[in-house]
Amino acid sequence: MIIALAGNQNSGKTTLFNQLTGSNQRVGNFPGVTVDVKEGIYRADKSIKIVDLPGIYSLSPYSSEEILTRDFLIKEHPDGIINIIDGTSLERGLYLSMQLLLLNIPMVIAINMMDEVYSNGIVINTDTLSEFLKVPIIPISANKNEGITDLMQAVINLVSNRCTPPKQDFCAGAVHRTLHATAHILEDHAQRANIPASFAAVKIIEGDEPIMKDLALGKNEKDMIEHGIVEMENELSLDRMAAIADMRYQYIEDLCKKAVLRPKIDKHHAKTIKVDNLLTHKIFGIPIFLGIMMLIFWLTFAVIGSYLSDLLSGAIDNLAVLTSAGLKAYGINPVVESLVIDGVFAGVGSVLSFVPTIIVLFFLLSLLEDSGYMARVAFIMDKLLRKIGLSGKSIVPMLIGFGCTVPAIMSTRTLTSDRDKKMTIFLTPFMSCSAKLPIYAVFTMAFFENYRALVMIGMYLIGIVLAIIAALISKKLVFKGNPIPFIMELPNYRLPTFKNTMLLLWEKTKDFITRAFTIIFIASIIIWFLNKFDIRFNVVQDSKDSILALIGSIIAPIFIPLGFGNWMASTALITGFMAKEAVVSTFAVLLSTGMDNMSGPLANLFTSISAFSFLLFTLLYTPCVATVAAVKRELGTKSMFVVILLQTGLAYIVALVFYQLAMLIG
Amino acid sequence: MTLDKLSIGKYGRIIAVRGNGRLRHRLLDMGLTPKVIIHMQRKAPMGDPISIYLRGYELTLRLEDASMVEIEEINL
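Here the structure is a predicted model, which means the values were calculated and not measured. (Residues numbered from 1 in each chain as written. Chains lettered and ligands numbered in written order. Predicted model: local features only at pLDDT ≥ 70, side-chain atom pairs only at ≥ 80, totals over all residues. Heavy atoms only, no water.)

**A closer look at the overall build of chain A**
Definition in use: Helix and strand assignments come from DSSP, with helices taken as H or I runs of at least 4 residues and strands as E runs of at least 2, each series counted from the N terminus. Radius of gyration: C-alpha atoms only; globule rule: 2.2 Å multiplied by the number of residues to the exponent 0.38. For the exposure calls, accessible area comes from a 1.4 Å probe over protein chains only, and a residue counts as buried if that area is under 20% of its type's maximum, exposed if over 50%, partly exposed in between.
Per the secondary structure count, chain A includes 29 helices and 10 strands. Its C-alpha radius of gyration of 29 Å places chain A within 12% of the 26 Å reference for a compact globule of 666 residues. Counting only C-alpha atoms, chain A reaches 90 × 55 × 55 Å along its principal axes. A total of 666 residues make up chain A; the buried ones form 58% of that total.

**Some thoughts on the interface of chain A and chain B**
In plain terms, the rule: Contact definition: two residues touch when any of their heavy atoms are within 4.5 Å. Buried area is understood as the total, over both parts, of accessible area removed when two parts are fitted together, assessed with a 1.4 Å probe. Just to be clear on terms, a salt bridge is a Lys or Arg side-chain nitrogen sitting within 4 Å of an Asp or Glu carboxyl oxygen. Pairs of N or O atoms within 3.5 Å make up the polar contacts considered here, provided that, within protein, one atom can donate a hydrogen while the other can accept it, and that residues adjacent in sequence are counted only when both atoms are side-chain atoms. We call Asp, Glu, Lys and Arg charged. Ala, Val, Leu, Ile, Met, Phe, Trp, Tyr, Cys and Pro are nonpolar, and the rest, Gly among them, are polar. Paired strands are those between which DSSP finds at least two bridges.
Taken residue by residue, the interface counts 48 residues in chain A and 36 residues in chain B. Approximately 3,900 Å² of surface area, both sides summed, lies buried where chain A meets chain B, with 57% of it carried by carbon and sulfur atoms. Seen at the junction of chain A and chain B, the total is six salt bridges. In this structure, the salt-bridge partner of Asp239(A) is Arg24(B), at a minimum N-O distance of 2.4 Å. Between the two partners, chain A and chain B, sit 19 residue pairs in polar contact (both at pLDDT 80 or more). Mapped onto the side of chain A that touches chain B, the elements with two or more residues apiece are helix 3 (90–100), helix 11 (240–259), helix 12 (267–279), helix 16 (373–387) and strand 10 (488–490) of chain A. When residues in the side of chain A that touches chain B are grouped by element, the largest group, seven residues, is from helix 11 of chain A. Its residues placed into classes, the side of chain A that touches chain B shows 20 nonpolar, 13 polar and 15 charged. Direction of pairing for strand 10 of chain A relative to strand 4 (residues 57–61) of chain B: antiparallel, over a ladder of three bridges.

**Here's the deal with the nonpolar core**
When a protein is soluble and globular, its nonpolar side chains tend to lie buried together. Just so we agree on the cut-off: As used in this record, nonpolar core signifies buried Ala, Val, Leu, Ile, Met, Phe, Trp, Tyr and Cys residues forming a set joined through side-chain atoms within 4.5 Å.
Of all hydrophobic cores here, the largest spans 121 residues; its most connected members are Phe443(A), Phe564(A), Phe587(A), Leu602(A), Phe606(A), Phe614(A) and Phe617(A). Counting residues in hydrophobic clusters, the runner-up holds 93 residues, among them Phe72(A), Leu215(A), Met247(A) and Leu23(B).

**Things to note about the pairing of strand 4 of chain B**
Residues and elements named next belong to chain B. Strand 4 sits mainly inside the fold: five of its five residues count as buried. The two faces of strand 4 match: Tyr 57, Leu 59 and Leu 61 on one face and Glu 58 and Thr 60 on the other face are all buried. Alignment of strand 3 (residues 50–54) against strand 4, held across five bridges, turns out to be antiparallel. Bridge pairing links Ser 51 to Thr 60 in strand 4. Two successive antiparallel strands, strand 3 and strand 4, enclose a turn made up of two residues, where Arg 55 displays a positive phi of approximately 45°.

**What to know about the pattern of salt bridges**
Tallied over the entire structure, the rule returns 29 salt bridges over all chains. With a closest N to O distance of 3.6 Å, Glu66(A) and Arg26(B) form a salt bridge. Placement of the pair is Glu66(A) in helix 2 (residues 64–75) and Arg26(B) in helix 1 (residues 21–29), with the two residues belonging to separate chains. Both residues of the pair, Glu66(A) and Arg26(B), belong to the buried class. Here Glu206(A) and Arg248(A) are joined by a salt bridge, their closest N and O atoms 3.4 Å apart. Pair noted here: Glu206(A) is in helix 8 (residues 197–206) and Arg248(A) is in helix 11, with a separation of 42 residues, a long-range link. Judged by its relative accessible area of 4%, Glu206(A) is buried.

See the structure below:
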């Protein structure tokens, strides 16, 4: 049994999804939709699969998320829909419900945030709502895990009895007549296209191009429908789009008059206003935002994250020493000992020790997102971002990009124009992701001991400044035209729930650790092998004679003008394409050293100028395989190659210019 | 008058949403339909976009887009 979760953004959909599935989640692939959606198994009944659809406000064809939801519901035929609505803004939520109800799929409406509804003094009569909408209405508080069992029981009952929402009219008069006439004309086509006729009729009246195409109506039928619509427009003196929206909201308003009692004062919103008076303040708003970002990086790098990482890397080094001693005492073949210590421990350990730092960064970024502050950042930064050809909404993917570029690219789906989406995806890799952090940490430790913080912040800032320049250039040359309208909900501030945050952190931790033991593990062993043997498979005394040195020295000359034409650096850059943290693990394996004493051996490979040039190159060159795959999923193969070539080309030029200038000046 | 001209703290009632295509559809979907009462909340630090309160929630939009929404000022 497949149950789809649909609802507005900020309706608590993800919280409900987490409650239903726990950590039983993965990205699912459905043939009917081109992008991935999240799916999970219901905890109490393993035969039920829950699919988390993106947060949307309507089923119009104006954003990729709305199209994804439509395609999923129409083409994948889930067995049931849970439509989740924020009880504090019921009207807007029901607007989507009225469209979902036409899809002929068993559906239950879950009214969420009932705890806030009560404390705000709002009274919702769910029986009345259910009586009119003719589907079960279940009050829940997803964050408190209340009402969830009732909700699932209702869905299961409905699905087992195949109870689709009964056909009913939400309107009277001209709209009603036109709808009926239109549905009648296109009925056969709708059946052939496998789209419910009443849904198709509303969408056609709204002027929905994709549905129009799917139906493949003849000229005669199109003319007849158009004639009916024009008649309706004349009668109502409203155009078609407004007539349909007005019809829905009219029905909802009448219904809410019967079923909902709202106090004059919206208490929760009043609190939000107070917070916003400070956070979006005319003068202090932007400085506060910058301050919060600095605080996040300071906490991550200087306080909690680095402290935990130091502890962990110390522990890993100790474990390596113990293991080495144990293996030697056992009298194991020295090549095997080298594989375990110089290969696995050095490689995997160097990456593992950064997990705490990365988790702290993700934790802090998730607080920004889940509290509702991210929407305010979009609000206060919109005007600035518009100057470089983007909208405030693009700030969200970019901030997430400091954590990991892959979810950042996935979050661009909330952008409603392809132009903005493409531009944001091209710019996000400029935001240093957390996997580059180990590279910066190791290199600043080795070469810029006294200016560590400065060089680190410098890397982030150089990325941002180059992104702005790239945006300004591409705005003039490639992405002409206007940015999309910026119309966005500012949700009330909410405390992020403990469970959601923990689940997110668990997912990220699992992700990084899995990668450390898969990609990094295998890469470390391969690097170790290629570094340990020569082409006749004899153990080498000096790694200069190894297979890797041979391969590396073929590529290395390319990087001579940049100052790091040694084979180890080129090897590290190649493995860095698999995962950025592999740059560090590769150095660890090649120099057969742990995290803590990498500085000495590195100083033999780089000068501080060539080290900075190397950092510039790693900051900018092609994003990792996972990111490239995400770009391909969102924008296609051509854009993927454009991203790889542009970033690498730019990295080369920037590092080249820096190194040559620095050498000139001396 | 149009929505972008409404002063902070004032109330207005929507008369019509002009414009076309995606922008208009979005505005209508978000509940800016005729007769709805809106409350002007604030302007962003740089004067644009603005934020309004309607149908129990807060919405932000740009001045340029708000100028498509025709309203009449009312006293509540």
